[in-house]
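Understanding the architecture of this molecule
Chain by chain, the residues:
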Amino acid sequence: MNNRLKGRVAALKSFLGAIQLLQAEIVFRRSALPDILPMIIRECSGAASAFFRQVQQCMLRDGESFLSAFELLVPELRHFDLKWSEIEWIASVGHIAGRYDAATQADRLSGLIAQLEQALQQAQEEYGQKGKLYRALGVTAGVMIALVAI
């Protein structure tokens, strides 16, 4: 359970950074999505890099659009210890990016970033509160098993 909490915090940080980078590239550099994906893969680490790498590969291999590839791979997000609501927020990126003008994309991505920041803050608090408990329970269970085995 401790590792799940820790993984959720790491995944949220990763996706938050990736979406912030996506927003900056769309707004300031007016980059196209196929040009942004390699940058996200290179500059972001962890869950976001792995997920966007899969999206890029799907686009290149199968000739899928960004939205199609993104929607096809959304079920993979459940492997990153995210809550269902967080998966839905991240999935909305596929419907936002590349679909509207830059200002509208920036506005919608800003709202999404705010939601993810709030979720990250809650995840960090939960990890701080429950992480110690889960680690202590793990040590206690280990000691109990060792005593029983002796």
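Calculation criteria
- Residues numbered from 1 in each chain as written.
- Predicted model: local features only at pLDDT ≥ 70, side-chain atom pairs only at ≥ 80, totals over all residues.
- Heavy atoms only, no water.
- Helix = DSSP H or I, 4+ residues; strand = E, 2+ residues; numbered from the N terminus.
- Buried < 20%, exposed > 50% of the residue type's maximum accessible area, 1.4 Å probe, protein only.
- Core = buried A, V, L, I, M, F, W, Y, C linked by side-chain atoms within 4.5 Å.
- Contact = heavy atoms within 4.5 Å.
- Salt bridge = Lys/Arg side-chain N within 4 Å of Asp/Glu carboxyl O.

A short note on unusual backbone geometry
Phi is mostly negative for residues that are not glycine, and the peptide bonds are mostly trans. The backbone phi angle of Asp81 is positive, close to 60°, even though this residue is not glycine. Within the secondary structure, Asp81 is located in the loop between helix H4 (66-73) and helix H5 (84-91). Asp81 sits in the partly exposed class, given a relative accessible area of 32%.

Side note on the nonpolar core
Core analysis: the biggest nonpolar cluster contains 46 residues, and Phe15, Leu22, Phe51, Phe52, Val55, Phe66 and Phe70 have the highest contact counts within it. Breaking this core down by element, the ones donating at least two residues are helix H1 (2-29), helix H2 (33-43), helix H3 (46-62), H4, H5, helix H6 (93-96) and helix H7 (102-149). If you tally residues by element for this core, the top one is H1, at 10 residues. Look past the residues within four positions of Phe51 in its chain and what remains in contact with it is Phe15, Phe70, Leu73, Val74, Leu77 and Phe80.

Here's the deal with the pattern of salt bridges
Pairing is possible between side chains of opposite charge, provided their charged atoms come close. The full count for this structure, using the stated rule, is four salt bridges. Put simply, Arg29 and Glu25 hold a salt bridge, and the shortest N to O gap is 3.3 Å. One end of the pair is Arg29 and the other is Glu25, both in helix H1 and four residues apart, which spans about a single turn. Measuring nitrogen to oxygen at the nearest pair gives 3.2 Å for the salt bridge that ties Arg61 to Asp62. Exposure remark for Arg61: the relative accessible area of 58% places this residue in the exposed category. Shared partners join several salt bridges into a network, and the residues in it are Arg8, Glu86 and Glu126.

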